[in-house]
Amino acid sequence: MTDSKAAVCVLGGGSFGTTLANLMACEGQNVTLWLRDQDVADHIRTQHENPRYLPGYKLDARLQVSTDIEATIAAADLVFLAIPSGAFRSVLQEVGPSLAGKQVVSTTKGIEQPGFLMMSQIVEQEAPQAKVAVLSGPNLAKEMAAGELTATVIASEDEALCNAVQDVLGSKNLRVYASQDRYGVELGGALKNVYAIISGMAVALGMGENTKSMLITRALAEMTRFAVHMGANPLTFLGLAGVGDLIVTCMSPQSRNFRVGHALGKGETLEEGVARLGQVAEGVNTLKTLKQKADEEGVYMPLVAGLHAIVFEQQPLGQVIGKLMSAEQKHDVEFSAFMSCTPIKEQ
Ligand SMILES: NC(=O)c1ccc[n+]([C@@H]2O[C@H](COP(=O)([O-])OP(=O)(O)OC[C@H]3O[C@@H](n4cnc5c(N)ncnc54)[C@H](O)[C@@H]3O)[C@@H](O)[C@H]2O)c1
Ligand SMILES: O=P(O)(O)OC[C@H](O)CO
């Protein structure tokens, strides 16, 4: 543990930003949550509740709130970003120069198009003098806000930054594991949202437990295939930010992406499902971005292509499922070459 407490801020007052900031406040960290809406800020300050994004969850009275983004950043050493991917660059453009020398951690699970950019790459472009990391794992905001036990991954080439995040965020309820594969961790968090939409559909359609297991397992194979093609470490996908986050998001009705898929499976349109959610479901945009990139790169992603065909090409569900089930039967585990390498103790 460090001797003196780092000053921390969280930018973004949605469900995840509020949860993260509150977890740190509960541990006695000096933390400020920045959000845009003055009424919500006042409500958090006086009622200790975020009525829009975390209704019914009591927040720690020590959680500080501000609507002044520059002052919030100026007072912080460590800055967490919990802004949806669609607004991420515009916020970074506004505050990029103020982030020089700061430790910046993106928690946003989306991809920017054009460019197929991860959020931490946007931080590098807009705040080139910041130190950057990403945080990702099986982290449903409401469960964490309720104090359920979980773990997450802090990924950065900067070991001191990983240590700083472990210090401020680790608690009796939350374990924080470090990784050097920033790109793989960030890609895992974005890609799994697409498969959560498929899983939500499968549940709405009353599909069997074997079917759901097959979907999750083939999703892992497919996302790992893509990530390795893009330069990520396949072993990252065996960790919390890969299979860990994939499992929770594909299995929990708390997941917004799962809920969008469930609505589609019940016959709602995409617009109806997203509107009823009233929160961000990053997987919808990621589906478009990922399908385009997989086609460009020639990476075989039948689940992504199938969901895209249903959602954006108006292909009948039964036809897409039939095509998936009759495709060429290939290998189960594609990365067995990595698994059969020399055991660690002999290296
Ligand atoms: N909620 C979770 O369980 C969870 C967990 C891990 C990661 N994430 C990721 O965190 C990111 C944020 O998600 P969330 O769940 O907090 O979303 P949310 O839908 O709960 O809230 C979105 C927040 O972003 C704010 N916002 C939107 N545009 C903005 C702008 N231009 N400037 C400032 N603020 C703006 C909104 O006012 C709102 O406070 C997403 O990428 C999501 O994938 C969410
Ligand atoms: O609610 P979702 O689908 O955005 O998922 C939230 C988190 O990413 C789960 O780890």
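Note that this is a predicted model, so its numbers are computed, not measured. (Residues numbered from 1 in each chain as written. Chains lettered and ligands numbered in written order. Predicted model: local features only at pLDDT ≥ 70, side-chain atom pairs only at ≥ 80, totals over all residues.)

Caption draft 1: Highlighting the overall build of the protein. For the protein, the helix and strand inventory stands at 16 helices and 10 strands. For the protein, the C-alpha atoms occupy an extent of roughly 60 × 55 × 35 Å along the three principal directions. For the protein, the share of sequence-separated contacts (at least 6 apart) that also reach a separation of at least 24 residues comes to 69%. (Helix = DSSP H or I, 4+ residues; strand = E, 2+ residues; numbered from the N terminus. Contact = placed C-beta atoms within 7 Å.)

Caption draft 2: Representation of the site of ligand 2 within the structure. Around ligand 2 lies a shell formed by Lys 109, Pro 138, Asn 139, Leu 140, Asn 193, Ala 196, Asp 245, Val 248, Thr 249, Ser 255, Arg 256 and Asn 257. Taken together, the elements giving at least two residues each to the shell around ligand 2 come down to α8 (182-204), α10 (240-251) and α11 (256-265). Take the shell around ligand 2: its biggest share by element is 3 residues, from α10. Here the residues of the shell around ligand 2 are counted per class, giving 4 nonpolar, 5 polar and 3 charged. Residues lining the shell around ligand 2 come from more than one domain, with at least three contributed by each of domain 1 (7-180) and domain 2 (191-330). (Near = placed C-beta within 6 Å. Nonpolar A, V, L, I, M, F, W, Y, C, P; charged D, E, K, R; others polar. Domains from an automatic or database assignment.)

Caption draft 3: Spotlight on the domain arrangement of the protein. In terms of domain boundaries, the protein breaks down into domain 1 (7-180) and domain 2 (191-330). For domain 1 and domain 2, the distance between their C-alpha centres works out to 26 Å. Between domain 1 and domain 2, the residue contacts involve 19 residues of the former and 19 residues of the latter. Where the side of domain 1 that touches domain 2 is concerned, the elements lending two or more residues are α6 (141-145), β9 (150-155) and β10 (174-179). Residue composition of the side of domain 1 that touches domain 2, grouped by class: 8 nonpolar, 8 polar and 3 charged.

Caption draft 4: Seen up close, α10. Among the 12 residues in α10, 10 count as buried, and that is most of the element. For α10, every residue scored as buried is listed here: Leu 240, Ala 241, Gly 242, Val 243, Gly 244, Asp 245, Leu 246, Val 248, Thr 249 and Cys 250. Close packing links the buried residues of α10 with β8 (131-136), β9, β10, α8, α9 (209-229) and α11. (Buried ≥ 20, exposed ≤ 12 C-beta atoms within 10 Å, placed from the backbone.)

Caption draft 5: The arrangement of unusual backbone geometry in detail. Of note, the amide linkage connecting Gln 113 to Pro 114 takes the cis form, showing an omega dihedral of 5 degrees. Tracing the backbone through its elements, the reader meets Pro 114 in the loop between β6 (111-112) and β7 (117-118). Even without a glycine there, the phi angle at His 48 is positive, about 55 degrees. Considering the arrangement of structural elements, one finds His 48 in the loop between α2 (38-47) and β3 (64-66). Among the residues examined, His 48 registers 15 C-beta atoms within 10 Å and is labelled partly exposed. Despite not being glycine, Gln 314 has its phi angle at roughly 55 degrees, a positive value.

Caption draft 6: Fine view of the UniProt feature "binding site: NADPH" (unreviewed entry) in the protein. Here, UniProt's "binding site: NADPH" (unreviewed entry) annotation points to Ser 15, Phe 16, Arg 36, Tyr 53, Lys 109, Ala 141, Arg 256, Val 280 and Glu 282. Structurally, Ala 141 is set in helix α6. In contact with Ala 141, not counting residues within four places along its chain, are Ser 15, Phe 16 and Thr 19. Locating Val 280 in the fold gives a position in the loop between α12 (270-277) and α13 (283-297). Ignoring any residue separated from it by four or fewer positions in sequence, one finds Val 280 in contact with Pro 84 and Arg 256. (UniProt positions renumbered as here; feature names shortened; annotations may be inferred.)

Caption draft 7: Seen up close, the site of ligand 1. Taken together, 26 residues are adjacent to ligand 1, and Gly 14, Phe 16, Ala 87, Ala 141 and Gln 279 come closest. Going through the elements one at a time, α1 (15-26) and α4 (85-95) are the ones with two or more residues in the shell around ligand 1. Counting residues per element, the shell around ligand 1 draws most heavily on α4, at 4 residues. Grouping the amino acids of the shell around ligand 1 by side-chain chemistry returns 11 nonpolar, 12 polar and 3 charged.

Caption draft 8: Focus on the UniProt feature "active site" (unreviewed entry) in the protein. Under the UniProt annotation, the feature "active site" (unreviewed entry) is placed at Lys 192. Relative to the elements of secondary structure, Lys 192 occurs in helix α8. In this structure Lys 192 comes out as buried when scored by C-beta crowding, with 33 C-beta atoms within 10 Å. Filtering out sequence-adjacent residues up to four positions away, Lys 192 remains in contact with Met 223, Asp 245, Leu 246 and Thr 249.

Caption draft 9: The environment of Ala 75, seen in detail. The residue Ala 75 is located in the loop between α3 (69-74) and β4 (78-81) in this model. Sequence separation between Ala 75 and Cys 9 is 66 residues, and the spatial gap between their C-alpha atoms is 8.3 Å. Here Ala 75 is in contact with Ala 7 and Thr 32, once residues within four sequence places are set aside.

Caption draft 10: Broad picture of the environment of Thr 108. Mapped onto the elements of the fold, Thr 108 is located in the loop between β5 (103-106) and β6. Between the C-alpha atoms of Thr 108 and Ser 85, which are 23 residues apart in sequence, the distance is 6.3 Å.

Caption draft 11: Just the pairing of β5, in detail. Neither face of β5 is left uncovered, since the one carrying Gln 103 and Val 105 and the one carrying Val 104 and Ser 106 both have all their residues buried. Relative to β5, β4 runs parallel, the two being bridged by 4 bridges. Across the sheet, residue Leu 81 finds its bridge partner in β5, namely Ser 106. A crossover links β4 with its parallel partner β5, the connecting element being α4, and its sense is right-handed. (Pairing = 2+ DSSP bridges. Right-handed = clockwise from strand over helix to strand, strands pointing away.)

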